[in-house]
Amino acid sequence: MVLTQLSLINFRNYTRLTLNLPPGPILLRSDNAQGKTNLLEAIYFLATTRSTFARAERQLVNWLAMERDPLPFARLEGHVRRNRSTFQIDITLLPGQQGTVRKEMRLNAVKKRALDVVGQLNAVIFLPEDIELVTGSPSARRRYMDATLCQIDTGYCRALAQYNKVLTQRNALLKQLAEQSGAAVPRSRDDDQLLFWDEQLAQHGALLIVRRQEAIAELGQLGRNRYRLLGDQKEVFHLHYAPSFDPQHRPLLDYQHPLSLEELLPSAQMPPSVPEVIEAFKRHLHQARREEIARGVTIVGPHRDDVHFTVDGVDMTFYGSRGQQRTTALALKLAEVDLMVRTTGESPVLLLDDVMSELDARRRARVMGMVDGVEQAILTTTDWTDFSDEFRAQAHLLQATAGQIQEVGTQHA
Ligand SMILES: Nc1ncnc2c1ncn2[C@@H]1O[C@H](COP(=O)(O)OP(=O)(O)OP(=O)(O)O)[C@@H](O)[C@H]1O
Ligand SMILES: [Mg+2]
């Protein structure tokens, strides 16, 4: 798919921008702090209705507008060509209650919920800080899984929203029980209440677990290819899903070893069915009951999952070299592109922020080669010469200066 036009009003340092974008590779250059990352963030926001960067959405609204305008707002609009049809997404950020921001979303000018907008435009973004996917905490990897799956599977997104709601309620009840645990509260009443929430949690959570398991298996396979193409041909990359409990009652795979059950016994990796996982989930909740009441929090479930990356059997989170960690994160993002193509039949818009500065000459050449195959890719750089003459000759060249963007002829780049 192709984002053919992007318009921004008061989004970050873009007070007013209208930009036409062609298919194929687009190279956006600027000095530091001119708006490269902000532009990619805007496109990603249209795809997911979320920012990967901002702590609060208020930060997305141009700060001068915030000070100056009585009713400050930001607006993003994208025109998208998908298959042979075209559509338009727009999102307006308006002041909400207590300093928050309210989002209004439209598809072809008809007001929609976020769920109906997410995934209309598909985008994959790679940022320098994505290395934290590998080096950071499990919560970063869970956020990644959720963001990736939500874009390609609305059922997943719905289950996730329900799961989080149920989790909050269940945690509130557990906290209350933890506080009362001194008092003599009849056990059966607690159990009745908890059983209700267990059921709900397991219903929604099981779907998350099954879908994550499938997606990680696929991403692992695709990532292995991408890693081989990007890095050292001989290194073998693996991705392992580590759920908070074993949904199949099998011993957890030993991810320290490159040849896991996955390869020795392909059938052992058959994903469990949703009903199987619901049962296993409830069993584990039952086993964890005493501890959960003591701690006042839910300790079993997909909100405690993790993912492990290994290269030649070595866990990249703990033992990877910087270069391996970067290549791992990039391979994962490119695998995500492949996964989206597989599931939606459409190539997502690929957004690569400052990808070259982190790679050696050979890897740079490989990135340029890969971008060739994508329907549309926007790459940012501070230096034209990070890209070869051949690449620049066939790319659409843009230059950003303080929230303005100009087209640049090849001869000036
Ligand atoms: N809400 C906002 N309103 C106005 N300006 C903002 C807002 N948020 C961020 N900015 C500014 O936008 C400018 C451009 O930021 P951006 O991250 O896009 O730069 P960049 O071109 O990617 O730079 P670098 O090469 O350093 O990565 C920065 O100076 C930043 O302070
Ligand atoms: Mg930047």
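Keep in mind that what you see is a predicted model, and the values were worked out from it rather than measured.

K.L.:
Could you give an account of the pairing of strand β3 (residues 24–29), naming the residues involved and the relevant values?
P.N.:
In regular strands, side chains alternate between the two faces of the sheet. Among the six residues of β3, six are classified as buried, and the element is accordingly described as predominantly covered. Examined bridge by bridge, β3 and strand β13 (residues 376–381) share six bridges and lie parallel to one another. Within the sheet, the bridge partner assigned to Pro25 lies in β13 and is Ala377. Relative to strand β14 (residues 396–401), β3 runs parallel, the two being bridged by four bridges. Residue pairing across strands places Ile26 opposite His396, the latter belonging to β14.

K.L.:
Would you mind going over the confidence of the model for the protein in detail, with residue names and values included?
P.N.:
Summing up the model confidence of the protein, the mean pLDDT is 89 and the portion of residues at 70 or higher is 92%. Overall, residues 250–268 carries pLDDT values under 50, and its contacts beyond four positions in sequence, including any with other chains, amount to 25 contacts.

K.L.:
Talk me through the packing of helix α6 (residues 154–180) against helix α9 (residues 274–295); I want residue IDs and the actual numbers.
P.N.:
Between α6 and α9, the shortest axis-to-axis distance is 9 Å and the interhelical angle comes to 40 degrees. Judged on the interaxial angle alone, α9 and α6 are oblique. You can see that α6 and α9 cross each other, and the crossing is right-handed. Judged by residue contacts, Tyr163, Arg170, Leu174, Leu177 and Ala178 of α6 engage Phe281, Leu285, Arg289, Glu292, Ile293 and Ala294 from α9. For the contact of α6 with α9, the class distribution of residues is eight nonpolar, no polar and three charged.

K.L.:
Report on the sheet that holds strand β4 (residues 74–82), specifying residues and quantitative values.
P.N.:
Strand order across the open sheet formed by six strands is β2-β1-β4-β5-β6-β7, with antiparallel pairing between neighbours. What marks the edges here is a single partner per strand, and that holds for β2 (14–20) and β7 (110–112). The sheet shows a mean angle of 20 degrees between the axes of neighbouring strands, direction not considered. Examined bridge by bridge, strand β1 (residues 2–11) and β4 share seven bridges and lie antiparallel to one another. Its bridge partner being in β4, Ser7 is matched across the sheet by Glu77. Set on the sheet, helix α1 (residues 36–48) makes contact with β1, β2, β4, β5 (85–95) and β6 (101–107); between it and β1 the angle comes to about 110 degrees.

K.L.:
Go over the pairing of β4 with me, naming the residues and quoting the values.
P.N.:
In the sheet, β4 pairs with β5 via nine bridges, with the strands oriented antiparallel. When the bridges of β5 are listed, Val80 appears paired with Phe87. Adjacent in sequence and paired antiparallel, β4 and β5 are bridged by two residues, among which Asn83 carries a positive phi angle near 50 degrees.

K.L.:
Would you mind going over the layout of surface pockets in detail, with residue names and values included?
P.N.:
The computed volume of the largest pocket comes to approximately 1400 Å³. Among the elements that take part in the lining of the largest pocket, helix α5 (residues 138–152) stands out by supplying ten residues, more than any other. Here the lining of the largest pocket is built from residues that sort into 22 nonpolar, ten polar and twelve charged. Taken domain by domain, the lining of the largest pocket gets at least three of its residues from each of domain 1 (1–122 + 346–413) and domain 2 (134–343).

K.L.:
Explain α1 to me, using residue names and the numbers behind them.
P.N.:
Its 13 residues give α1 an end-to-end C-alpha distance of 19 Å, which sits within 8% of 18 Å, the value for a rise of 1.5 Å per residue. Across the 13 residues that make up α1, a large majority, twelve, are buried. Looking at α1, one finds that the buried residues are Lys36, Asn38, Leu39, Leu40, Glu41, Ala42, Ile43, Tyr44, Phe45, Leu46, Ala47 and Thr48. Just past α1, the residue Thr49 takes up positive phi, approximately 60 degrees.

K.L.:
How would you sum up the site of ligand 1? Please name residues and give values.
P.N.:
Near ligand 1 lie 16 residues; those nearest to it are Asn32, Ala33, Lys36, Thr37 and Gln59. Take Gly35: an N or O atom from its main chain is 3.0 Å from an oxygen atom of ligand 1. Side-chain polar atom of Lys36 to an oxygen atom of ligand 1: 2.7 Å apart, as the coordinates give it. A total of 660 Å² of accessible area belongs to ligand 1 in isolation, and the protein chains cover 74% of it.

K.L.:
Give me the lowdown on the environment of Leu127, citing residues and values where you can.
P.N.:
Among the secondary structure elements, Leu127 is positioned in the loop between β8 (123–126) and α4 (132–135). For Leu127 and Leu330, which are 203 residues apart along the polypeptide, the C-alpha to C-alpha distance reads 9.1 Å. Excluding anything up to four places from it in sequence, Leu127 contacts Thr37, Thr52, Phe53 and Asp353.

K.L.:
Now, about the domain arrangement of the protein: what can you tell me, with residues and values included?
P.N.:
When the domains of the protein are assigned, the result is domain 1 (1–122 + 346–413) and domain 2 (134–343). Between domain 1 and domain 2, the C-alpha centre-to-centre distance is 30 Å. On the side of domain 2, 21 residues touch domain 1, which itself brings 21 residues to the contact. Carbon and sulfur atoms supply 63% of the area buried between domain 1 and domain 2, which totals about 1700 Å² over both sides. The largest share of the area that domain 1 buries against domain 2 comes from Leu115, Arg363 and Met370, three residues that together contribute 33% of it. Counting every contact that joins domain 1 to domain 2 gives two residue pairs in polar contact (both at pLDDT 80 or more). Within the residue set of the side of domain 1 that touches domain 2, elements represented by two or more residues are α1, β12 (349–352) and α12 (361–371). Among the elements that take part in the side of domain 1 that touches domain 2, α12 stands out by supplying five residues, more than any other. A class-by-class count of the residues in the side of domain 1 that touches domain 2 yields twelve nonpolar, four polar and five charged.

About the cut-offs
- Residues numbered from 1 in each chain as written.
- Chains lettered and ligands numbered in written order.
- Predicted model: local features only at pLDDT ≥ 70, side-chain atom pairs only at ≥ 80, totals over all residues.
- Heavy atoms only, no water.
- Buried < 20%, exposed > 50% of the residue type's maximum accessible area, 1.4 Å probe, protein only.
- Helix = DSSP H or I, 4+ residues; strand = E, 2+ residues; numbered from the N terminus.
- Pairing = 2+ DSSP bridges.
- pLDDT = per-residue confidence, 0-100.
- Contact = heavy atoms within 4.5 Å.
- Axes fitted to C-alpha atoms, helices over the stretch in contact; angles between N-to-C directions.
- Parallel < 35°, antiparallel > 145°, perpendicular 65-115°, else oblique.
- Left-handed = near helix turned anticlockwise from the far one by under 90°.
- Nonpolar A, V, L, I, M, F, W, Y, C, P; charged D, E, K, R; others polar.
- 1 Å grid on protein atoms, 1.4 Å probe; cavity = no way out; pocket = protein on both sides within 12 Å on 5 of 7 lines; lining within 4 Å.
- Points joined across faces, edges and corners; volume = space filled by probe spheres on them.
- Domains from an automatic or database assignment.
- Expected span 1.5 Å × (residues − 1).
- Near = heavy atom within 4 Å.
- Polar contact = N/O pair within 3.5 Å; in protein donor to acceptor, adjacent residues only side chain to side chain.
- Areas by Shrake-Rupley, 256 points an atom, 1.4 Å probe, with all protein chains shown as cover.
- Buried area = accessible area lost by both parts, 1.4 Å probe.

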